[in-house]
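# Overview (structure and organization)
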Amino acid sequence: MTVEVLPGNRYRLGFTSLNSEVTLDQLPIEGQIPGWLKGSLYRNGPAKFEVGHEKYSHYFDGLAMLHRYSFEAGQVAYRNRFLRTPVYQKAVSTGKINGGFGTNQNAFLLLRVLNMAQMVLTQSYNEGYNTNVSIARFGENFVALTEPPTPTAFDPQTLKTLGLFDFKDELRGQLSTPHPHYDYQNRQQINYLTRFGRTNAYQVYRLAEGSRRRRLIGTIPVREAAYMHSFATTENYIILTEYPFVLNPLDLVLSSKPYIENYRWKPQNGTKFYVMSKKTGRVEKIFQSAAFFGFHHVNAYEQGNDIFVDVAALPDAASIGQGYLADLRAANKEYTLPRGQFRRYHMVIRAGVKSRSSLDYEVMSEEGYDMPALNLAQNSARDYRYAYGVGYNRHLLETPSNQLLKIDLKNRTTKIWAGPSCYPGEPIFVANPEAKSEDDGVILSVALDGLREKSFLLVLDASSFEEIGRANLPHHVPFDFHGLYAEK
């Protein structure tokens, strides 16, 4: 599909399909790539928005593509492959799309009802999903994730799709998060699984490294289940941030609407923070704040009897409805999404202190902020100084991120990287193997160059936040979502 890219609106190329798959041993380099980088950056995101004569409506529904950037001796090799999920295979073989997050299923009402009833009533959906959101490692297994809880395994060298990653346990549910937390202290993944039914519940579990058996930590029954894309952990606690964007499961079965349009924004409910003990699975406290929404948590940590939860906050859930491709590609208007706000919420958990109905928060940066990153191995679930993310130049009315941010949480200062008509994605921090400070390393980000109409891998010095090199790609990369860096 060809979309006209206008001056000042060059980001629209990032919302168009990439149909080619290539393997390149060496990308052209500008500047220098540190020789100590000897691993691979993996990225995941939507890349195909049309199948035959049919089109996906929402950006989140594009068929998943993996990208691998491999570093060796200051050079970068590149490979990209579509994930051959059952959703992809069926769409390509039939020329028909099956709906998704924000796209209506092109099927008779009875078939839609049967499909949704199977998912809700059996608490599973064995055909798999379009896992186009993130990447995680379960021991030696590399998997692609989305919000439904069936990961797709892939070969980390070839990017070949290996099939569904099946868990060997009895936990069942319909929704999870594509952002499991790795507990570095206990060498395990932590995530939760939402179960729909007569009683809806959030089931928080742990997955030991190398295992396929999830172990239940605790369960939180709720009247209406909320949409939660991520959550937070500290040394001793798991914090679920329940936004007032909620769903009646019967609507999924009976409605003809796309999945996400069955949720309702109920600001009168406020936003709740469930603080669960990692050891006992008991909810120790429930805090509440004025209603807000968010996709991504930055980090969380304990300090004595206090918990601090950092989140990229949005005023409401309107941004989900603003992800429809027709609007994002519109050439006759500026279409601006809400800018995330870096907030730090403060909770007191000492015995005898009642949960507060109105939590306080601080704004940690004046820049619009999302897609957070930090030095995870050193500071995940701990006090930290530096946070990275994507930002939005307040003087440019553009939809995607157009700058990268480094926020010094101690001095409350922000460093910015930006380039003319450049649109960077989620930053990934990679520590120097001989690091002497929290920010000793590099930031990796894939950016669209709107002037060249191609993308490049950007390498910043994480300390100075200045560009030290880039590797140029032969094509554009549709705006992806999340990824990870793995040592060789």
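Read on for an overview of the structure. Please read these numbers as outputs of a predicted model, since none were measured by experiment. (Residues numbered from 1 in each chain as written. Predicted model: local features only at pLDDT ≥ 70, side-chain atom pairs only at ≥ 80, totals over all residues. Heavy atoms only, no water.)

A few words on the pairing of strand S22 (residues 283-289). Moving residue by residue along a regular strand, the side chains alternate between the two faces of the sheet. Pairing analysis gives six bridges linking strand S21 (residues 271-277) to S22, with the strands arranged antiparallel. In the sheet register, Thr271 faces S22, and the bridge partner there is Ser289. A loop of five residues connects S21 with S22, the two strands running antiparallel in sequence, and Gly281 in this loop sits at a positive phi of about 75°. (Pairing = 2+ DSSP bridges. Helix = DSSP H or I, 4+ residues; strand = E, 2+ residues; numbered from the N terminus.)

Per the stated rule, a full pass over the model turns up 20 salt bridges. In this structure, the salt-bridge partner of Lys488 is Glu72, at a minimum N-O distance of 3.0 Å. Highlighted residues: Lys488 in the segment after strand S36 (482-487) and Glu72 in strand S6 (residues 63-72), separated in sequence by 416 residues. In this structure Lys488 comes out as exposed when scored by relative accessible area, which is 79%. Its relative accessible area of 38% is what places Glu72 among the partly exposed residues. With a shortest N-O distance of 2.8 Å, Arg344 and Asp310 are connected by a salt bridge. (Salt bridge = Lys/Arg side-chain N within 4 Å of Asp/Glu carboxyl O. Buried < 20%, exposed > 50% of the residue type's maximum accessible area, 1.4 Å probe, protein only.)

Let us now look at the pairing of strand S34 (residues 454-461). Burial analysis of S34 places six of its eight residues in the buried class, the great majority of the element. In this structure, strand S33 (residues 441-449) lies alongside S34, joined through eight bridges in antiparallel fashion. What sits directly across from Asp449, in S34, is Lys454. Between S33 and the antiparallel strand that follows it, S34, lie four residues; Glu453 among them carries a positive phi value of about 60°.

Side chains that are nonpolar tend, in soluble globular proteins, to be buried together. Among the nonpolar cores identified, the biggest contains 49 residues, and Tyr202, Tyr227, Leu240, Ile260, Tyr263, Phe293 and Met347 are the most heavily contacted of them. Looking at which element gives the most residues to this core, the answer is strand S24 (residues 306-314), with five residues. Apart from the residues within four sequence positions on either side, Tyr227 is in contact with Phe101, Glu147, Tyr243, Phe245, Tyr259, Ile260, Tyr263, Phe293, Phe295 and Ile320. With 19 residues, the next largest nonpolar core counts Ile33, Leu37, Val446 and Leu473 among its residues. (Core = buried A, V, L, I, M, F, W, Y, C linked by side-chain atoms within 4.5 Å. Contact = heavy atoms within 4.5 Å.)

This paragraph deals with the sheet that holds strand S14 (residues 200-208). The strand order S12-S13-S14-S15 describes an open sheet built from four strands, whose pairing is antiparallel. Each edge of the open sheet carries a strand with a single partner, namely strand S12 (181-183) and strand S15 (214-222). The average angle at which neighbouring strand axes cross in this sheet is 25°, direction not considered. Here strand S13 (residues 188-195) runs beside S14; their pairing, made up of eight bridges, is antiparallel. Across the sheet, residue Tyr192 finds its bridge partner in S14, namely Val204. (Axes fitted to C-alpha atoms, helices over the stretch in contact; angles between N-to-C directions.)

Our next topic: helix H1 (residues 86-94). Every buried residue of H1 is accounted for by Val87, Tyr88 and Ala91. For H1, the buried positions fall inside an angular range of 95° around the axis, keeping them on one side. Packing partners of the buried residues in H1 comprise strand S4 (50-51), S6 and strand S7 (75-82). (Arc of directions from axis to C-beta.)

Turning to the packing of aromatic side chains, a few remarks are in order. If you walk through the whole model with that rule in mind, you get 43 aromatic pairs. Ring centres of Phe142 and Phe154 lie 6.0 Å apart, and the angle between their planes is 65°; on these two criteria the pair is classed as edge-to-face. With a gap of 12 residues between them, Phe142 in strand S9 (residues 141-145) and Phe154 in strand S10 (residues 152-154) connect regions that are remote in the sequence. Of the two residues examined, Phe142 and Phe154, each falls in the buried class. (Phe/Tyr/Trp six-rings, centres within 6.5 Å; stacked < 30°, edge-to-face > 60°.)

Once that is clear, we can look at the sheet that holds strand S18 (residues 237-242). In spatial order, the strands read S17-S18-S21-S22; together these four strands make up an open sheet with antiparallel pairing. Edge strands, defined here as strands with exactly one partner in the open sheet, are strand S17 (232-233) and S22. For S17 and S18, the ladder comprises two bridges, and the chain directions are antiparallel. In the sheet register, Ala232 faces S18, and the bridge partner there is Ile239.

Its identity as a non-glycine residue notwithstanding, Ala73 has a phi of 55°, on the positive side. Looking at the element boundaries, Ala73 is found in the loop between S6 and S7.

Within the fold, Arg382 resides in the loop between helix H6 (376-379) and strand S28 (386-392). On a C-alpha basis, the gap between Arg382 and Glu302 in space is 7.0 Å, while along the polypeptide they are 80 residues apart. Excluding residues that lie within four positions of it along the chain, Arg382 makes contacts with Asn299, Ala300 and Tyr301.

Moving on to the environment of Gly45. Residue position: Gly45 is located in strand S3 (residues 39-48). Here Gly45 falls in the buried class, since its relative accessible area comes to 3%. Between the alpha carbons of Gly45 and Asp61 there is a distance of 9.6 Å; along the sequence they are 16 residues apart. For Gly45, the contacting residues outside a window of four places in its chain are Leu63, Ala64, Met65, Asn132, Asp480 and Phe481.

Right, let's talk about the environment of His181 for a bit. Within the secondary structure, His181 sits in strand S12. Sequence separation between His181 and Asn191 is 10 residues; the distance between their C-alpha atoms is 6.5 Å. If near-sequence neighbours (up to four positions away) are discounted, His181 is found in contact with Gln188, Gln189, Ile190, Phe231, Ala232 and Thr233. Here Phe231 takes part through its backbone oxygen, which lies 2.8 Å from a polar atom of the side chain of His181. (Polar contact = N/O pair within 3.5 Å; in protein donor to acceptor, adjacent residues only side chain to side chain.)

Time to look at the side chain of Ser17. Positionally, Ser17 belongs in the segment before strand S1 (23-24). Separated by 2.9 Å, the side chain of Ser17 and the backbone nitrogen of Phe49 make a polar contact. Within the structure, Ser17 has its side chain in polar contact with the side chain of Glu50 (distance 2.9 Å). Ignoring sequence-local partners within four residues, the contact set of Ser17 consists of Ala47, Lys48, Phe49, Glu50, His476 and Pro478.

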